[in-house]
Amino acid sequence: MKGDGRDPRPLLAIVAVLALMAIDRAVSSIRIDHLLASAASLAPLALGALAIAAALAPQRFYATRRALAARVTVAVVPADEFDPKPETVLRFAAEVARADRSLRGWLDRRAHAVRVQLTNDREGQLVYLLEVPARSREALRTALRDYEGAELRDVAEVLPDAERPGAAVRLRTELVLAKASVEPLRRLDLDPDPLQPFAAAMASLRAGRGERATVCVDLLPSAGRRDSRLRRRLKREARRAHGQRRSLMEILDNERKRGPADPAELFERRMVGQALDAKLRDAGPLFEAQILLCCEAAERPRAKQAMHGLLAAFAPFSSGNYLRAAGLPVGDAVFFGADNPLRRRGFDRRLATGLHRPARRQVLTAREVAGFLKPPNAHCVTENVVRSGTLLPAPPALPRFSEGDREVIPLGHISGESGRQLVGARTADTFFTYIAGRSRYGKTETAIAQFVHLVRCGHGGLFLDPHGDALERIRPYLAESRIGRRVIEIDVGGGDWSLPGWNLFELRGAGTAAVEGRVEAVVDAFASTMRWSEQSTRAINLTTQAAGALAHAARVLPPELSPTIFQLPTLLSDERWREAVLPFLPKASQRFWVDRFPLLAEEAITPLTNLVDRLRGSTPMTALLGQSASTYRVREAMDEGWIVLAHPGSGGTRERLLANLLLFDLLHAAKGRAEIRSEERKPFWVFLDEVQTYDGVASGNLAALLEQSAKFGLRAVVLNQNPERLNPQTLNALTTNRSHLLTSALNSHAAALLTKEWGRRISPEAVTQLDRYRFIAQVTDRGKLSKPFALEGIRVEDVAELREALAGEPGEGAVTRAEAGEVIEHLETLDERILAALRKLRKEGSEASSDASGEPSSEPSEKPQRSFFVPGGDGQG
């Protein structure tokens, strides 16, 4: 048959003959002795290479083992508004992909993977963890700066060690790419969040029964030459996947023709380029990936259900490529995968240590796994995600708190590039602090921690606690003898009725200013308790005149006969008593008692006398207020740096009266420090819990006193649950003059009220959704107000060490105490003894005046008369 001119067989035969001739000639020229000599010369090199390999192999083994043992894990907790852009995620990936290219980096490369772990806590909430080698810890913290609103926390904080019972069943799965690595997975957007299906899968787990799901995505970064090798590998895979195999004759024929390229070849090149473009375009750094899944449960069906949920969560990543379980199927009944008994040990080791040894080498880009390179964002609508609350970073210049630092008071924990830290505020910047928030959300605990730190550092202070629970928390930290000698306890709610003496009218030798200040304190306390407004002029004036009369009488009586608050009803209802007191009063006060008091209705005195009688009905209050000689004096406590723990009791009107007496006595005493030079006024820290208890509806006195007291050395920390319950004047004074403002969760109306103070930088909804022990704070630092920022509350254990040896020893106390029985016995005859003393003083004064003038003194010819009814009298105004 006649051959075709394009038949390549003749040319192929010629080439084959030439090749055989060349091989024969080369073999005939080789000499055995030369071959042996060459082998002998290469033997040292081979032995040296073998020795080096033998030396490096154990080094690499031990280096990898040490690196695995030193890996660190941190929990990354996102804020509610956390929403990074895709470019931010790729930048984070580029920073964590920086590999150590030194010899040490080569030795422990399998231990250098960045692990992204998703698991559930005891409440079934998704927790996002990052695990890196110890030497990459700072690099990770630096990379996480790109994520505004992501906090770093200790793993023990979000996943306690003994949080679940042991599980009986454990299922394992390793995922690998079903096709070549050059075939890309789907590039998922961050809205909706790719992690949402994982959170939904974990929501059905019963963590209390030991059910747990774990997803580990280990990403071994590549850089430098490793990155170049991986890219060349992807190109080879693209050619194998899309190239058409051609024979040698076709290649030689194309070379002979030297004409235009074959369309099939052009199509092949285009397909290869498209494959690489789909994989690598705007893809970020490359990673060698290892994906491990593990589900634990008490029963196998529950574990299988959890595993199916995790596998379904990976389904959205499927596109040109997809993830499948690694292993060998045998029919439909048997699958030799990661859960096979022969492979479990290796799988568990990789899961526990972070060793990167995947079943199949696979390359993924940062863009393909972008959903795993960030914690759940704001578009993850599933509720079971551990979050930190609102997105407000703390100012970087806040001072770090350390125990014993007298110049800093603790505020709370923040999370930054240096991890979780305890920060504080400078005492020099602290005058008024307002803390709001619902009950059991950490505001009182924060105040306890601040108070304990301040008084243990030598400051004086008063903690006014209507409930008494805070004082129980404080006492053990003041048991040390050097601190206990400064403690005064005023606790009328406890079982111990041995109390210090506090007489509001012990004023012997006091000046006019001190008398007027004490009278104002008593009147303000009664007005605040009874909710008297400025329209209640009659009740306020009656209280002022009665308190003033007792105060002036106390100036002339001996200390053991000083009248107490329980002499107010006696003064108002006993005519003999008023007659005895009148000569010692100023002329203006005498005219009130002689001219106007008789015109008052009988019931005008009832509100005042009834309230004092109710005080007398309480044994501990009688023991506290019924002693003529005081052992507790608030001015002395301020100047000497005493520690006052006051529990006035919670409940009725008389408890509010005692609380108000304590507070207003303190505020008016602070004004009396005007006589001391400003630099000599020791700061005195006052903590007022449930401040609405002491805040009258319309009096406004508390606001005025708070505004004035800072200049006299008083530092106030004011707490209550709802700012709307405060008098508007008081709230205005606090927000205007505040140094620091902290709030935990509030209702929507109260939240809107406080967020106005921050210029609407945050929404009221963010405040209403705060978790327990989470605050939004604005503080003064070096004279400037910071922006609002998120803060985690503190406990007293965070700032003070409890000394076990002294925890049960009571403090000696700063003052002496009297038993209730002795005080009651003293009060039984005090009215008559005071009356006798006043008459004696008056008689002695009359005799002295008579001796000086030579004439007897004249007595009043008329006694004051009472009218029993005044039309329109209401007994209060």
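Our subject is the structure that appears above.
Residues numbered from 1 in each chain as written. Predicted model: local features only at pLDDT ≥ 70, side-chain atom pairs only at ≥ 80, totals over all residues. Heavy atoms only, no water.

Draft legend 1. Spotlight on the packing of helix α16 (residues 512-530) against helix α17 (residues 537-556). Between α16 and α17, the least distance of the axes is 9 Å, while the angle of their chain directions is 140°. Remark: the crossing between α16 and α17 carries right-handed chirality. On α17, the residues that touch T512, V515, V519, V522, V523 and F526 of α16 are I540, T543, T544, A547, G548, A551, H552 and R555. Taken together, the residues of the contact of α16 with α17 sort by class into 8 nonpolar, 5 polar and 1 charged. (Axes fitted to C-alpha atoms, helices over the stretch in contact; angles between N-to-C directions. Helix = DSSP H or I, 4+ residues; strand = E, 2+ residues; numbered from the N terminus. Left-handed = near helix turned anticlockwise from the far one by under 90°. Contact = heavy atoms within 4.5 Å. Nonpolar A, V, L, I, M, F, W, Y, C, P; charged D, E, K, R; others polar.)

Draft legend 2. Structural view of a positive patch on the surface. Together, R225, R229, R232, K235, R236, R239 and R240 line one region of the surface with positive charge. Along the chain, K235 turns up in helix α8 (residues 225-242). Since its relative accessible area comes to 40%, K235 is described here as partly exposed. (Patch = residues over 30% accessible without salt bridge, like charges linked within 9 Å, V, L, I, M, F, W, Y side chains within 5 Å. Areas by Shrake-Rupley, 256 points an atom, 1.4 Å probe, with all protein chains shown as cover. Salt bridge = Lys/Arg side-chain N within 4 Å of Asp/Glu carboxyl O. Lys, Arg positive; Asp, Glu negative; His and termini not counted. Charge placed at Lys NZ, Arg CZ, Asp CG, Glu CD. Buried < 20%, exposed > 50% of the residue type's maximum accessible area, 1.4 Å probe, protein only.)

Draft legend 3. Structural context of the pattern of salt bridges. Inspection of the entire model under this criterion finds 44 salt bridges. The partner of R206 in a salt bridge is E211, and the shortest N-O contact between them spans 3.4 Å. The class for R206 is partly exposed, based on a relative accessible area of 34%. A relative accessible area of 3% places E211 in the buried class. In this structure, R482 engages E480 in a salt bridge whose closest nitrogen and oxygen atoms are separated by 3.1 Å. Since its relative accessible area comes to 17%, E480 is described here as buried. Taken together, the shared-partner salt bridges in this structure form one network comprising R170, R172, E296, D339, R344 and D348.

Draft legend 4. Looking closely at helix α13 (residues 443-456). If you check α13, its first and last C-alpha atoms are 20 Å apart, about what 14 residues at 1.5 Å a residue would give, namely 20 Å. In terms of residue burial, α13 counts as a mostly covered element, since 13 of its 14 residues are buried. Positive phi appears at G458, one or two residues downstream of α13, with a value of about 110°. (Expected span 1.5 Å × (residues − 1).)

Draft legend 5. Fine view of the pairing of strand β21 (residues 740-743). Alternating residues of β21 divide into H740 and L742 and L741 and T743, and every residue in both groups is buried. Where strand β14 (residues 432-436) meets β21, 4 bridges bridge the pair, whose relative direction is parallel. Looking across to β21, one finds that I435 is bridged to L742. Note: β21 against strand β22 (residues 774-778), 3 bridges, orientation antiparallel. (Pairing = 2+ DSSP bridges.)

Draft legend 6. Structural view of the nonpolar core. Judged by nonpolar contacts, the single largest core of 116 residues is most densely connected at Y434, W502, F505, F526, I565, W593 and Y632. Top element by residues in this core is helix α24 (residues 653-671). It accounts for 11 residues. Contacts of F505, omitting those with residues within four sequence positions, involve R518, V522, A547, L550, A551, A554, S562, P563, T564 and I565. (Core = buried A, V, L, I, M, F, W, Y, C linked by side-chain atoms within 4.5 Å.)

Draft legend 7. Up close: the packing of helix α3 (residues 86-96) against helix α5 (residues 137-144). One way to put it is that α3 packs onto α5 with a least axis distance of 9 Å and a crossing angle of 165°. On the basis of their axis angle, the class for α3 and α5 is roughly antiparallel. Crossing angle aside, the handedness with which α3 passes α5 is right-handed. Taking contact as the criterion, the partners of F92, E95 and V96 in α3 are, on α5, L140, T142, A143 and L144. Its residues assigned to classes, the contact of α3 with α5 comprises 5 nonpolar, 1 polar and 1 charged. (Parallel < 35°, antiparallel > 145°, perpendicular 65-115°, else oblique.)

Draft legend 8. Representation of the side chain of T119 in the model. The residue T119 is located in strand β2 (residues 114-120) in this model. One polar contact links the side chain of T119 to the main-chain carbonyl oxygen of A213, over a distance of 3.1 Å. Excluding residues within four positions of it along the chain, T119 makes contact with Q125, L126, V127, L129, L159, M202, R212, A213 and T214. (Polar contact = N/O pair within 3.5 Å; in protein donor to acceptor, adjacent residues only side chain to side chain.)

Draft legend 9. Region of the structure containing the pairing of strand β1 (residues 72-78). The element β1 is largely enclosed, with a buried count of 6 among its 7 residues. In this sheet, strand β3 (residues 126-132) lies alongside β1 in antiparallel orientation, the contact comprising 4 bridges. Bridge pairing in β3 places V72 opposite V132.

Draft legend 10. How the structure looks around the side chain of S136. Its place among the elements puts S136 in the loop between β3 and α5. Among the polar contacts listed, one links the side chain of S136 to the side chain of H112, at a separation of 3.4 Å.

Draft legend 11. Molecular detail of the environment of I474. You can see I474 is positioned in helix α14 (residues 469-474). With relative accessibility at 0%, the residue I474 sits in the buried group. For I474 and V452, which are 22 residues apart along the polypeptide, the C-alpha to C-alpha distance reads 6.6 Å. Excluding its chain neighbours within four sequence positions, the residues that come into contact with I474 are I448, F451, V452, F463 and L645.

Draft legend 12. Main features of the environment of N722. Residue position: N722 is located in the loop between β20 (714-720) and α26 (728-737). Residues contacting N722, with those up to four places away along its chain left out, are Y434, N747 and A750. At a separation of 2.9 Å, a polar atom in the side chain of N722 contacts the main-chain amide nitrogen of E724.

Draft legend 13. Representation of the packing of aromatic side chains. Counted by the stated rule, this structure contains 14 aromatic pairs. The interplanar angle of 55° and the centroid separation of 4.9 Å between the aromatic rings of W593 and F597 together place this pair among those described as tilted. Neither W593 nor F597 differs from the other in exposure class; each is buried. Through a chain of ring-to-ring contacts, the aromatic side chains of F198, F314, F317 and F372 assemble into a single cluster. Its end group placed over the ring of Y441, R438 keeps NZ or CZ at 5.1 Å from the ring centre. Seen from the ring of F566, R616 lies directly overhead, with NZ or CZ sitting 5.7 Å from the centre. (Phe/Tyr/Trp six-rings, centres within 6.5 Å; stacked < 30°, edge-to-face > 60°. Lys NZ or Arg CZ within 6 Å of the ring centre and 35° of its normal.)

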